[in-house]
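For reference, the chains in residue letters:
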Amino acid sequence: MYKLIAFDGDDTLWHNEPLFREAHIQLREMLGHYVPAEQVDDRLYQAELANLSIYGYGITGFTLSMIETAIELSDRKISAEDIHKLAETGKSMLRAPTRIIDGAENVLHQYAKNPRYKVVLITKGDLIAQQLKIDRSGFEDLFDGIEIVSEKDPLTYRNIFGRYGVEPEDAIMIGNSMKSDILPVLACGGAAIHIPYEITWVHEMVDQTEIDNQNVVTAETIKDVPSVIEQLEQHRTRAQTHSNYSIGSCDDSEIQGSSRRAGLVPGQGS
């Protein structure tokens, strides 16, 4: 049996990416008489990547990246009024209500009531923005712990699991991002459930054609999580019985190794 079940927040428990997509479209429209939409897309992404080490993930860095993109692509001709509109867009994203993904609340309640598991939220992004979403979700009391991190890598997961007295092989992570939620946990020897979301930021996309790991299952929706966990626990029991279950070393290099989905349904890039 697993001892810890961890959930991602953005686009796993609540909708997040549509806010960014809507703002992105607004930026395209604003700069439409300066450059083609494809150029806006490329420059915005480059600005976001350059700013990750300064502002981290989240709405603040995204908003400042939009402003930088607008100034550069307009050759500094963008009006103060339009810059103000972009800043207000960022503020409206922060004020937006947390829209819960269908089925998430029921699944969380199911495991929060089960004393066999520790239930932890592991979410990445701006501290204030993430805490606002958690507060508005009403889920805070359903977790044994909440971890807001600046990056999701094997060391981060290993340290989090350790704080709850759990080895990586006794933990299972549930999330929409193969890059952030799934591969780092597999590198530790843990298990994972991948729930693809309808929209994926290009930075979180990975090539899934070489994923070959029996400890990851792709589920169609979060409603499938209980049955998938049961499936993984049965697989784990069989593997332990045959003494074939191995414990990983949490090596970052393992993320780049071969992995393959063993899933309920074909997954999309997430």
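S.K.: Honestly, the sheet that holds strand 2 (residues 118–124) in this entry has me stumped. Any pointers?
M.R.: Judged by pairing direction, the sheet is parallel, and its six strands sit side by side in the order 3-2-1-4-5-7 without closing on themselves. Both edges of this open sheet fall to strand 3 (145–149) and strand 7 (216–218), since each of them pairs with a single strand only. Each strand of the sheet is rotated relative to its neighbour by a mean of 20 degrees, with strand direction disregarded. Where strand 1 (residues 4–7) and strand 2 come together, four bridges link them in parallel fashion. Following the sheet pairing, F7 is matched in strand 2 by L121. Packing of helix 6 (residues 127–137) onto the sheet brings it into contact with strand 2 and strand 3, and relative to strand 3 it is tilted by some 145 degrees. Along the sheet, helix 9 (residues 225–241) contacts strand 1, strand 4 (171–175), strand 5 (191–194) and strand 7; its crossing angle with strand 5, the most-contacted strand, is approximately 150 degrees.

S.K.: When you look at the environment of D153 in this model, what are you seeing that I'm missing?
M.R.: In this structure, D153 sits in the loop between strand 3 and helix 7 (154–163). Judged by relative accessible area, which is 24%, D153 ranks as partly exposed. Between the alpha carbons of D153 and K179 there is a distance of 9.0 Å; along the sequence they are 26 residues apart.

S.K.: Honestly, the pattern of salt bridges in this entry has me stumped. Any pointers?
M.R.: Close approach of charged atoms allows side chains of opposite charge to pair. Taken as a whole, this structure holds 13 salt bridges when the rule is applied. Across the pair R236 and D170 runs a salt bridge whose closest N-O atoms are separated by 2.4 Å. In this pair, R236 sits in helix 9 while D170 sits in the loop between helix 7 and strand 4, placing the two residues 66 residues apart along the sequence. Each of the two residues, R236 as well as D170, counts as buried. Each of K3, D170 and R236 takes part in salt bridges that share partners, so that together they form one network.

S.K.: It is not clear to me how the pairing of strand 2 should be interpreted in this structure. Could you clarify?
M.R.: Residues in a regular strand project their side chains so that they alternate between the two faces of the sheet. Counting buried positions along strand 2 yields six of seven residues, so the element is predominantly enclosed. Where strand 2 lies against strand 3, five bridges are found, and the strand directions are parallel. Bridge pairing links K124 to V149 in strand 3. Note on the crossover from strand 2 through helix 6 to strand 3: the handedness is right-handed.

S.K.: I would appreciate a short explanation of the packing of helix 3 (residues 59–73) against helix 4 (residues 80–95) in the present structure.
M.R.: The geometry of a pair of packed helices is captured by two quantities: the angle between their axes and the separation between those axes. Between helix 3 and helix 4, whose axes approach to 9 Å, the crossing angle comes to 165 degrees. When the axis of helix 3 is compared with that of helix 4, the two are roughly antiparallel. Taken as a pair, helix 3 and helix 4 cross one another with a handedness that is right-handed. Here I59, F62, T63, M66, I67, A70 and I71 of helix 3 come into contact with helix 4, specifically with I83, L86, A87, T89, G90, M93 and L94. Each residue belonging to the contact of helix 3 with helix 4 can be placed in one class, and the counts come to eleven nonpolar, three polar and no charged.

S.K.: Looking at this structure, how should I read unusual backbone geometry?
M.R.: Trans is the prevailing form of peptide bonds, just as negative phi is the prevailing case for residues other than glycine. For D11, which is not glycine, the phi dihedral falls at a positive 65 degrees. The backbone of D75 shows a phi angle near 55 degrees, a positive value even though the residue is not glycine. The class of D75 is exposed, set by a relative accessible area of 54%.

S.K.: Is there a simple way to think about the nonpolar core in this case?
M.R.: F7, L13, I193, I222, V225 and I229 are the most contacted members of the largest nonpolar core, which has 30 residues in total. Not counting residues within four places of it along the chain, the set of residues in contact with F7 comprises L13, V107, L108, V119, V120, L121, I122, M173, I174 and I222. The next biggest cluster of nonpolar side chains, apart from the first, holds 17 residues, and it includes M30, L44, F62 and L86.

S.K.: Got a minute to help me understand helix 3 in this structure?
M.R.: An α-helix turns once per 3.6 residues; consequently, residues spaced three or four apart project the same way. If you check helix 3, its first and last C-alpha atoms are 21 Å apart, about what 15 residues at 1.5 Å a residue would give, namely 21 Å. The set of residues buried in helix 3 consists of I59, G61, F62, T63, S65, M66, I67, T69, A70 and L73. Those residues of helix 3 that are buried lie in contact with helix 1 (17–30), helix 2 (37–55) and helix 4. At the C-terminal side of helix 3, D75 shows a positive phi close to 55 degrees.

The rules behind the values
- Residues numbered from 1 in each chain as written.
- Predicted model: local features only at pLDDT ≥ 70, side-chain atom pairs only at ≥ 80, totals over all residues.
- Heavy atoms only, no water.
- Pairing = 2+ DSSP bridges.
- Helix = DSSP H or I, 4+ residues; strand = E, 2+ residues; numbered from the N terminus.
- Axes fitted to C-alpha atoms, helices over the stretch in contact; angles between N-to-C directions.
- Contact = heavy atoms within 4.5 Å.
- Buried < 20%, exposed > 50% of the residue type's maximum accessible area, 1.4 Å probe, protein only.
- Salt bridge = Lys/Arg side-chain N within 4 Å of Asp/Glu carboxyl O.
- Right-handed = clockwise from strand over helix to strand, strands pointing away.
- Parallel < 35°, antiparallel > 145°, perpendicular 65-115°, else oblique.
- Left-handed = near helix turned anticlockwise from the far one by under 90°.
- Nonpolar A, V, L, I, M, F, W, Y, C, P; charged D, E, K, R; others polar.
- Core = buried A, V, L, I, M, F, W, Y, C linked by side-chain atoms within 4.5 Å.
- Expected span 1.5 Å × (residues − 1).

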